[in-house]
Amino acid sequence: MKHRICSLRATLAAALVLVILFVPALAAEITVDYTSEYQFSAADFSSSDGLEGIYISSVPPAYQAELCIGSRVIRRGDILPAAALDNMKLRPVCLGNADCELVYCPIENGTLTDAVTVSLRILSGTNTAPVCEAQKLDKSQHLSLLHI
């Protein structure tokens, strides 16, 4: 019985390692104030030297933000070469406090790879007052506060 549990754990651990290795990592969240722009670079889309371009699967809603290269607005279905990615900008359209996504598929070595989702957060830039929350302290926390 003990042998079966150990082999089951080993099998599950091996499966977890395979999932971690083969599931593509999601790109980091990009945060920008509504009064500014975010300048992308090719490194934002892939760390591979084989990046040839990207296929745009989904863009933020037009009322939240637009992706542009110069005066050209990027749309779903566009294919962008890697050289153009350094000129792409995220321009917020809303007044902030918005979350949206950019979904793209990298093109590497002539092959369209798995979709990657980039979370885009647009901040309002308003400075709000801190909020004090009631908390209950246990004895050890109370004593350590007295010694400060």
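Anyway, here's the lowdown on the structure attached to this text. Just so we're clear, the structure is a prediction, and the values are computed from it rather than from any experiment. Residue positions within a chain follow its written sequence, with the count starting from 1. Local features in a predicted model are, by the rule used here, given only for residues with pLDDT of at least 70; side-chain atom pairs are given and counted only at 80 or more, and totals for whole chains, interfaces and linings are based on all residues. The side-chain figures draw on all heavy atoms in the structure; neither hydrogens nor water molecules are used.

Re the packing of aromatic side chains
Move 1: Stacked, tilted and edge-to-face are the three classes applied to pairs of Phe, Tyr and Trp rings, where Trp contributes its six-membered ring and a pair requires centres within 6.5 Å; stacked means planes under 30 degrees apart, edge-to-face means over 60, and tilted covers the rest. Counted by the stated rule, this structure contains three aromatic pairs.
Move 2: Centre to centre, the rings of Phe 45 and Tyr 104 are 5.0 Å apart; their planes meet at 75°, and the pair counts as edge-to-face. Linking Phe 45 in the loop between β2 (38–39) and β3 (51–58) with Tyr 104 in strand β8 (residues 98–108), this pair joins segments that are 59 residues apart in sequence.
Move 3: Linked through ring pairs, Tyr 38, Phe 40, Phe 45 and Tyr 104 together constitute an aromatic cluster. Secondary structure elements are defined from DSSP: runs of H or I of at least 4 residues count as helices, runs of E of at least 2 residues count as strands, and each element is numbered from the N terminus.

Remarks on the nonpolar core
Move 1: Grouped together as the largest cluster of nonpolar side chains are 26 residues, with contacts concentrated most on Phe 40, Phe 45, Ile 54, Leu 80, Met 88, Leu 102 and Tyr 104.
Move 2: For this core, the secondary-structure elements that each account for two or more residues are β1 (30–33), β3, β4 (65–69), β7 (88–92), β8 and β10 (116–123). The criterion is simple. A nonpolar core is a set of buried Ala, Val, Leu, Ile, Met, Phe, Trp, Tyr and Cys residues joined through side-chain atoms within 4.5 Å. Classification of residues uses two cut-offs on accessible area relative to the type maximum, computed with a 1.4 Å probe and protein chains only: under 20% is buried, over 50% is exposed, and between them is partly exposed.

As for the sheet that holds β4
Move 1: In this description, strands pair whenever DSSP reports at least two bridges between them. Pairing in this open sheet of four strands is antiparallel, and the strands run β2-β7-β4-β5 from one edge to the other. Only two strands of the sheet have a single neighbouring strand rather than two, namely β2 and β5 (72–73).

Quick word on the side chain of Gln 64
Move 1: Here Gln 64 lies in the loop between β3 and β4.
Move 2: The class of Gln 64 is buried, set by a relative accessible area of 12%.

Notes on the environment of Ile 122
Move 1: When you line up the elements, Ile 122 lands in strand β10.
Move 2: In this structure Ile 122 comes out as buried when scored by relative accessible area, which is 1%.
Move 3: Two residues qualify as a contact provided that any one of their heavy atoms is within 4.5 Å of a heavy atom in the partner residue. Dropping the residues within four chain positions of it, Ile 122 is found in contact with Val 32, Tyr 34, Gln 64, Ala 65, Pro 92, Cys 94, Gly 96, Asn 97, Ala 98 and Cys 100.

With respect to the side chain of Glu 108
Move 1: Relative to the helices and strands, Glu 108 is located in strand β8.
Move 2: Within the buried set, Glu 108 has no salt-bridge partner at all; the shortest N-O distance to an opposite charge, 20 Å, is to Arg 72. None of His or the chain ends enter the tally, which takes Lys and Arg as positive and Asp and Glu as negative. Here, a salt bridge means any side-chain nitrogen of Lys or Arg that lies within 4 Å of a carboxyl oxygen of Asp or Glu.

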